Amino acid sequence: MGTTRVLQITDSQTGLSYEIPVVDGAIRAIDLRQIKVSDDDFGLLSYDPAFLNTASCRSAITYIDGDQGILRYRGYPIEELAGQASFLDVAYLLLHGELPGKDESAGWADEITHHTFVHENVKKFIDGFHHDAHPMGILVSTIAALSTFYPEAKAVSDQARQHEQIVRLIAKMPTLAAFAYRHAMGLPYAYPDNELSYTGNFLNMMRKMSEPRYAPNPVLEQALDVLFVLHADHEQNCSTSTMRVVGSSQVDPYSAAAAAAAALFGPLHGGANEQVLRMLGEIGSVGNVPAYIERVKRGELRLMGFGHRVYKNYDPRATIIKKVADQVFEVTGRNPMLDVALELERIALADDYFIRHKLYPNVDFYSGIIYQAMGFPVAMFPVLFAIGRMPGWLAQWQEGTTDPEQKISRPRQLYVGQGLRHLDGTAQVRR
Ligand code: CMC
């Protein structure tokens, strides 16, 4: 791991030279602080809005090579996990570092299954939301509300307590999500069915009407499970960084996860899948695609579901999702939006603007089309993303709580405001 590589820096203002060690391909930003122009100088800062070139932690969970289109959880390629490992086993992998054995897998699934119910007061809380409340808003609020039911969650360094909250959060996400949906639809809440798989039970809570027992379609159940696997972690993205930053204050994991879910809601992040469907609806037909692409190139709007901060070649999740789409459409029939999406992709991938900007379909481009074919309303798409991402948030939070280098997150700023001035109108020129 270690290296003797050093970065030599000469300050043109003082003429002084410094040697900054490079370890694992990075310098420590704090090592720049020794570079001063005078004794009372604070020292050199690095300026990195949006953290384009800043590693905020060491992590052993997820590996991404954006140029090669590689995504691995704990070393396993996403292509091998998707379809071969269940979502719950992948959650276990992210949290524990290894895939569970047969008995561990069964024990883990059993533990999760027996924490799927929520306190009856949660229903009353959801009932208070307006009928057209966005389900993601309800989800964010109810995740936060769980902290009031489990005050012991504040013991964030206690491993046994940590485990309890991790199990509860993974187990209760589908219940909160389905309850948010049923509230919006004006339907009675459907309780968890402990005989079903994690994903099958979620479909049950979404769909069950008057039948004594809901039987999920196995193809759709498996497809949704794969989609959850694809969304389970993605290293230090916006919502995961939020989880770590908020968690660094040692607040309970429900509050931190609510903040992460709020970050995911944004249209540039997990809200993009919802925006893709709205965009496809706005385009309407294949014939309107070229004109829409021109508007994107003129900078009037962004092509939702395209582009990624890290992937500059292709998003491996998008490739897998396209295959899942075919399986789902065999059951549900073809989503008419697929033709518009395929045409959009075809024209964009051949267009110089998109090639130059390295813009490719990301995970959100096709996931929404599948969700819609499966009968989920558009507003539920980010909620589905959040269910899938919860194990990743928790694994990253857990890693942060045991990392000896982690302290409360507290970036610096470059102050560009007023210099000292007084209410009597006198002022001092800003230094
Ligand atoms: N459509 C058109 N132009 C784009 C797009 C797009 N979707 N994305 C980036 N660009 C252009 C952008 O205008 C800029 O052009 P220029 O250099 O000429 O000004 C250049 O590409 C770089 O853009 P950027 O905003 O600096 O890139 P970023 O790495 O900060 O943004 C992104 C990444 C995902 C926010 C962005 O590509 C985007 O807004 N995509 C659409 C929203 C979306 O699909 N988000 C889901 C991301 S994947 C799932 C997840 O992680 O949540």
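Thresholds, definitions, all that
- Residues numbered from 1 in each chain as written.
- Predicted model: local features only at pLDDT ≥ 70, side-chain atom pairs only at ≥ 80, totals over all residues.
- Heavy atoms only, no water.
- Buried < 20%, exposed > 50% of the residue type's maximum accessible area, 1.4 Å probe, protein only.
- Helix = DSSP H or I, 4+ residues; strand = E, 2+ residues; numbered from the N terminus.
- Pairing = 2+ DSSP bridges.
- Salt bridge = Lys/Arg side-chain N within 4 Å of Asp/Glu carboxyl O.
- Near = heavy atom within 4 Å.
- Polar contact = N/O pair within 3.5 Å; in protein donor to acceptor, adjacent residues only side chain to side chain.
- Nonpolar A, V, L, I, M, F, W, Y, C, P; charged D, E, K, R; others polar.
- Core = buried A, V, L, I, M, F, W, Y, C linked by side-chain atoms within 4.5 Å.
- Domains from an automatic or database assignment.
- Contact = heavy atoms within 4.5 Å.
- Phe/Tyr/Trp six-rings, centres within 6.5 Å; stacked < 30°, edge-to-face > 60°.
- Lys NZ or Arg CZ within 6 Å of the ring centre and 35° of its normal.

Draft legend 1. Summary view of the pairing of strand S2 (residues 17–21). On S2, burial follows the alternation: Tyr 18 and Ile 20 on one face are buried, whereas Ser 17, Glu 19 and Pro 21 on the facing-out side are not. Both strand S1 (residues 6–10) and S2 contribute to a ladder of 5 bridges, which runs antiparallel. The residue of S2 that forms the bridge with Thr 10 is Ser 17. The hairpin formed by S1 and S2 contains 6 residues between the paired strands, and Gly 15 there has a positive phi angle of roughly 80 degrees.

Draft legend 2. Structural context of the pattern of salt bridges. Scanning the model with the defined rule gives 19 salt bridges in all. For the salt bridge of Asp 351 with Lys 297, the shortest nitrogen-to-oxygen distance reads 2.8 Å. Here Asp 351, found in the loop between helix H14 (337–350) and helix H15 (352–356), pairs with Lys 297, found in helix H12 (residues 289–297); they are 54 residues apart in sequence, far enough to count as distant. Lys 297 sits in the partly exposed class, given a relative accessible area of 31%. Across the salt bridge formed by Lys 322 and Glu 345, the nearest N and O atoms sit 3.2 Å from each other.

Draft legend 3. Region of interest: the sheet that holds strand S4 (residues 70–73). Overall, antiparallel pairing links the 3 strands, which are arranged S3-S4-S5 in an open sheet. Of all strands in the sheet, those bounded by a partner on one side alone are strand S3 (62–65) and strand S5 (76–77). Bridge analysis of S4 against S5 gives 2 bridges, and the strand direction is antiparallel. Among the inter-strand pairings, Arg 72 is bridged to a residue of S5, identified as Pro 77.

Draft legend 4. Region of the structure containing the site of the ligand. Taken together, 20 residues sit near the ligand, with His 269, Arg 302, Leu 303, Arg 309 and His 357 positioned nearest. Contact distances for the ligand include 3.1 Å between a nitrogen atom and a backbone N or O atom of Leu 268. Leu 303 is positioned with one of its backbone polar atoms (N or O) 2.7 Å from a nitrogen atom of the ligand. Partitioned by chemical class, the residues of the shell around the ligand number 10 nonpolar, 7 polar and 3 charged.

Draft legend 5. The arrangement of the nonpolar core in detail. Core analysis: the biggest nonpolar cluster contains 117 residues, and Ile 170, Phe 202 and Phe 376 have the highest contact counts within it. Among the elements that line this core, the one with the most residues is helix H6 (residues 159–185), at 12 residues. Both of domain 2 (65–262 + 379–401) and domain 3 (272–373) provide at least three residues apiece to this core.

Draft legend 6. The arrangement of the domain arrangement of the protein in detail. Each domain of the protein was delimited in the assignment, giving domain 1 (4–47), domain 2 (65–262 + 379–401) and domain 3 (272–373). Taking only C-alpha atoms, the centre of domain 1 and the centre of domain 3 are 44 Å apart.

Draft legend 7. Region of the structure containing the side chain of Thr 199. Looking at the secondary structure, you find Thr 199 in helix H7 (residues 198–207). By relative accessible area, which is 1% here, Thr 199 ends up buried. Setting aside its immediate chain neighbours within four residues, Thr 199 contacts Glu 221, Leu 224, Asp 225 and Phe 228.

Draft legend 8. Looking closely at unusual backbone geometry. In this structure, Phe 51 takes a positive phi of about 50 degrees despite not being glycine. Inspection of the secondary structure puts Phe 51 in the loop between S2 and S3.

Draft legend 9. Examining the packing of aromatic side chains more closely. Tallied over the entire structure, the rule returns 16 aromatic pairs. Judged by centre distance (5.8 Å) and plane angle (20 degrees), the ring pair of Phe 117 and Tyr 191 falls under stacked. A residue pair is termed long-range when its members are at least 10 positions apart, and Phe 117 in the loop between helix H3 (102–113) and helix H4 (120–127) and Tyr 191 in the loop between H6 and H7 qualify at 74 residues. Given the relative accessible area of 41%, Phe 117 is considered partly exposed. Since its relative accessible area comes to 33%, Tyr 191 is described here as partly exposed. Ring geometry for Phe 202 against Phe 376: centres 6.1 Å apart, planes inclined by 15 degrees, an arrangement best described as stacked. Here the residue Phe 202 occupies a position in helix H7, and Phe 376 occupies one in the loop between helix H16 (363–373) and helix H17 (381–401), the gap between them amounting to 174 residues. You'll find Phe 202 and Phe 376 in the same group, each marked buried. Here the aromatic cluster, defined as three or more aromatic residues joined through ring pairs, consists of Phe 87, Tyr 198, Phe 202, Phe 228, Tyr 371, Phe 376 and Phe 381. The aromatic ring of Phe 376 is capped on one face by Arg 207, whose charged end is 5.4 Å from the ring centroid.

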